[in-house]
Amino acid sequence: MDGPGEGGVPGRPDRRGSRAGEDIEIVVNVGGVRQVLYGDLLSRYPETRLAELMDCLAGGYDTIFSLCDDYDPGRREFYFDRDPDAFRCVVDVYHFGEVHMKKGICPICFKGEMDFWKVDLKFLDDCCRSHLSEKREELAEIARRVQLILDDLGADAADGRWRRCQKGVWRFLEKPESSRPARAVAVLSFLLILISSAVMCMGTIPELQVPDAEGHRVEHPTLEHVETACIGWFTLEYLLRLFSSPNKLRFVLSFMNIVDVLAILPFYVSLTLTHLGARMMELSNVQQAVQALRIMRVARIFKLARHSSGLQTLTYALKRSFKELGLLLTYLAVGIFVFSALGYTMEQSHPETLFKSIPQSFWWAIITMTTVGYGDIYPKTTLGKLNAAISFLCGVIAIALPIHPIINNFVRYYNKQRVLETAAKHELELMELTSGGAADGQGGGSRTDLDQLPLPPEPAAKEGSWGGRLRVSHSDTFIPLLTEEKHHRTRLQSCK
């Protein structure tokens, strides 16, 4: 047997005729799992790391160790300190031309495995690619939440007194968990929303109304005073939040802030019309305009969504369930049209029929398919009653079908928000432990000593990297979950 060539590697396999017969055997050991791969298989994708192993032996040890972690010349075996489960998924690209991610592997870490083995993401199947996109969104959300918390906790020494005051007011009004007084103000605001809504309802009770100078029934003055106090609080809260908002345009265009404006604007418009409108228009028109604006006060009940995570979750679930809701409306629309037409046709033979026209029969079909049944219109013939029974059953089925996906969207989003909140808190705890250890290493351990430590240069953020989404925090520590893949092995195992 010929020995290794000069400058070669001991144990190098004979490469003569390798391209002709494609009978090269590559032995790899990934995380303790040994596997034999053949050259004709690997040559299908010559740009991958495994395909490069076929030509690396001629380049010496430097070339070998640039591709693998270790090499045994006696056994002709390449060693990789990577995850074997992820490798089994990646190697499928040579057999099937696509990659499927095994259940239980973190998608972000699996992407790192594919990058290591130099397998392009285009080979990842669409079903698995959606998991990767979802995980990226989760990491971006965690990064956003952590950064918001760090911005709230950190105080920039370069900020003036005015800027610090703005940050303090914003944190006080927007972060009820920041302090006990902030939580008390949030509870007070929640109670005032309930009180103002109750006052709006009580003002329509005839027994609680009093006659004015012209004999018209109006709200009791006490209820008006309570409403004025509530509106004053809502106005003060909105103006303070607008004053302290870091982004005024984004604040004004936010949906919840638009709801806040709609909740307080009718009061001031009604007040203006009451005192100034009579000079410009007839009194009856002013009263009609004021009455219409009073109806808009119902918008204040939506302010509860600001203080209720459950209502926010429900809103998101309905937003994500537009397809299911559209399907439900389609089912009902088809059923309403069909059964109303049948009901009108079948009831024409009865002399006292209540079905005067098909459009009028729409109302009967709606209340029947939705199982309401007011009883103001009903069939009187036998065929009409049979048609009503069938429409009732079809309505129950049509309503029940999309309910399960909507509930699943609600539960999935609610659980996801809890996981993201827990992950953000976990990252902050890790940062606190890391910063505490750094302070102990300096012999201090106090927060003041830690803040006086010099900040290292901020790492350059690669395009698309998660580390680039965060600035260096006041604790001088990057979030481990969002850094580059230098701690890849530990992260991959922790995701299983």
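Residues numbered from 1 in each chain as written. Predicted model: local features only at pLDDT ≥ 70, side-chain atom pairs only at ≥ 80, totals over all residues. Heavy atoms only, no water.

Of regular secondary structure, the chain possesses 22 helices and six strands. Per-residue burial for the chain yields a buried fraction of 35% across its 496 residues. Here the chain displays about 29600 Å² of accessible surface, and carbon together with sulfur accounts for 60% of that area. (Helix = DSSP H or I, 4+ residues; strand = E, 2+ residues; numbered from the N terminus. Buried < 20%, exposed > 50% of the residue type's maximum accessible area, 1.4 Å probe, protein only. Areas by Shrake-Rupley, 256 points an atom, 1.4 Å probe, with all protein chains shown as cover.)

Of the pairings in the sheet, the one linking strand E1 (residues 25-30) to strand E2 (residues 33-38) comprises six bridges and is antiparallel in character. Residue pairing for E2: Val-28 is matched across the bridge by Gln-35. Joining the antiparallel neighbours E1 and E2 is a turn of two residues, in which Gly-31 adopts a positive phi near 60°. (Pairing = 2+ DSSP bridges.)

So, about the side chain of Arg-241. The topology assignment puts Arg-241 in helix H11 (residues 221-244). Within the local environment of Arg-241, its side chain forms a polar contact with the side chain of Glu-174, the two groups lying 2.6 Å apart. Here Asn-257 takes part through its side chain, which lies 2.7 Å from a polar atom of the side chain of Arg-241. Excluding residues within four positions of it along the chain, Arg-241 makes contact with Trp-170, Leu-173, Glu-174, Phe-251, Asn-257, Asp-260 and Arg-306. (Polar contact = N/O pair within 3.5 Å; in protein donor to acceptor, adjacent residues only side chain to side chain. Contact = heavy atoms within 4.5 Å.)

Our next topic: the confidence of the model for the chain. Of the residues in the chain, 76% reach a pLDDT of 70 or more, and the chain-wide mean stands at 76. For the chain, per-element mean pLDDT is lowest for helix H22 (residues 488-494), which scores 37, and highest for strand E4 (residues 77-80), which scores 92. Below pLDDT 50 for its whole length, residues 1-21 participates in 30 contacts with residues either more than four positions away or in separate chains. Overall, residues 443-496 carries pLDDT values under 50, and its contacts beyond four positions in sequence, including any with other chains, amount to 82 contacts. (pLDDT = per-residue confidence, 0-100.)

The interhelical angle for the contact between helix H10 (residues 180-202) and H11, taken along N-to-C directions, is 140°, at an axis separation of 9 Å. H11 is crossed by H10, and the crossing has left-handed handedness. In contact with Val-185, Leu-188, Ser-189, Leu-192, Ile-193, Ile-195, Ser-196, Val-199 and Met-202 of H10, H11 contributes Leu-223, Val-226, Glu-227, Cys-230, Trp-233, Phe-234 and Glu-237. Tallied by class, the residues present in the contact of H10 with H11 amount to twelve nonpolar, two polar and two charged. (Axes fitted to C-alpha atoms, helices over the stretch in contact; angles between N-to-C directions. Left-handed = near helix turned anticlockwise from the far one by under 90°. Nonpolar A, V, L, I, M, F, W, Y, C, P; charged D, E, K, R; others polar.)

Here we take up the sheet that holds E1. Here we have four strands laid out as an open sheet, ordered E2-E1-E4-E3, and mixed in their pairing. Where the open sheet ends on each side, the last strands, each with one partner, are E2 and strand E3 (70-72). Each adjacent strand pair in this sheet contributes to an overall mean axis angle of 25°, direction not counted. Of the strand pairs in this sheet, E3 and E4 are connected by three bridges, and their pairing is antiparallel. Across the sheet, residue Asp-70 finds its bridge partner in E4, namely Tyr-79.

It is worth spelling out the packing of helix H17 (residues 322-347) against helix H19 (residues 382-400) at this point. Interhelical geometry of H17 versus H19 gives an angle of 175° and a closest axis separation of 10 Å. It follows that H17 is roughly antiparallel to H19 by the angle criterion. Touching Leu-328, Tyr-331, Leu-332, Phe-339, Leu-342, Gly-343, Met-346 and Glu-347 of H17 are Leu-383, Gly-384, Asn-387, Ile-390, Ser-391, Cys-394, Ala-398 and Ile-399, all from H19. (Parallel < 35°, antiparallel > 145°, perpendicular 65-115°, else oblique.)

What follows deals with unusual backbone geometry. If you check the backbone angles, Lys-118 has positive phi at about 60° while not being a glycine. Residue Lys-118 is classed as partly exposed on the basis of its relative accessible area of 36%. Positive phi, normally seen in glycine, also occurs at Thr-371, with a value near 60°. Tracing the backbone through its elements, the reader meets Thr-371 in the loop between helix H18 (358-369) and H19.

This part covers the packing of aromatic side chains. One pair of aromatic rings is described through two measures. These are the centre distance and the angle between the planes. For the structure shown, the criterion picks out 15 aromatic pairs. Each ring, one from Tyr-71 and one from Phe-78, has its centre 4.8 Å from the other, and the planes form 40°; the classification is tilted. Accessibility classification places Tyr-71 together with Phe-78 in one group, the buried group. Here a set of aromatic residues connected by ring pairs shows up, and it is made of Phe-80, Phe-87, Phe-116 and Trp-117. Residue placement shows Arg-49 over the ring face of Phe-116; its charged tip is 4.0 Å from the ring centre. (Phe/Tyr/Trp six-rings, centres within 6.5 Å; stacked < 30°, edge-to-face > 60°. Lys NZ or Arg CZ within 6 Å of the ring centre and 35° of its normal.)

The next thing to look at is the nonpolar core. Counting residues in hydrophobic clusters, the biggest one holds 42 residues, and the most contacted among them are Val-28, Leu-50, Leu-53, Phe-78, Phe-80, Phe-110 and Trp-117. Going through the elements one at a time, E1, helix H2 (39-42), helix H3 (49-56), E4, helix H5 (84-90), helix H6 (92-96), helix H7 (107-116) and helix H8 (126-153) are the ones with two or more residues in this core. Once you skip the residues sitting within four places of it in the chain, Trp-117 turns out to touch Val-30, Thr-48, Arg-49, Leu-50, Phe-80, Arg-82, Phe-87 and Val-90. By size, the runner-up hydrophobic cluster in this structure holds twelve residues, among which are Phe-339, Ala-365, Ile-377 and Ala-398. (Core = buried A, V, L, I, M, F, W, Y, C linked by side-chain atoms within 4.5 Å.)

A few words now on the pairing of E4. Here E1 runs beside E4; their pairing, made up of four bridges, is parallel. Its bridge partner being in E4, Val-30 is matched across the sheet by Phe-80. The turn joining E3 and E4, which pair antiparallel and follow one another in sequence, is formed by four residues; a positive phi near 50° is taken by Arg-76.

Once that is clear, we can look at H11. With 24 residues, H11 ought to run about 34 Å at 1.5 Å a step, and its terminal C-alpha atoms sit 35 Å apart, in line with that. Taken together, the buried positions of H11 are Leu-223, Glu-227, Cys-230, Ile-231, Phe-234, Thr-235, Glu-237, Tyr-238, Arg-241 and Ser-244. (Expected span 1.5 Å × (residues − 1).)

With that settled, consider a nonpolar patch on the surface. Together, Leu-311, Leu-314, Leu-318, Ile-403, Ile-407, Phe-410, Val-411 and Tyr-414 give the surface a local cluster of nonpolar side chains, amounting to about 610 Å² of exposed area. Elements that contribute at least two residues to the nonpolar patch include exactly helix H16 (309-320) and helix H20 (403-441). With five residues, H20 is the single largest residue contributor to the nonpolar patch. Residue placement: Ile-403 occurs in helix H20. On the basis of relative accessible area, Ile-403 is assigned to the partly exposed category, the value being 35%. (Patch = residues over 30% accessible without salt bridge, like charges linked within 9 Å, V, L, I, M, F, W, Y side chains within 5 Å. Salt bridge = Lys/Arg side-chain N within 4 Å of Asp/Glu carboxyl O.)

Here we come to the environment of Arg-76. The topology assignment puts Arg-76 in the loop between E3 and E4. The partly exposed category is assigned to Arg-76, whose relative accessible area is 38%. Distance from Arg-76 to Glu-25, taken between C-alpha atoms, is 9.5 Å for residues 51 residues apart in sequence.

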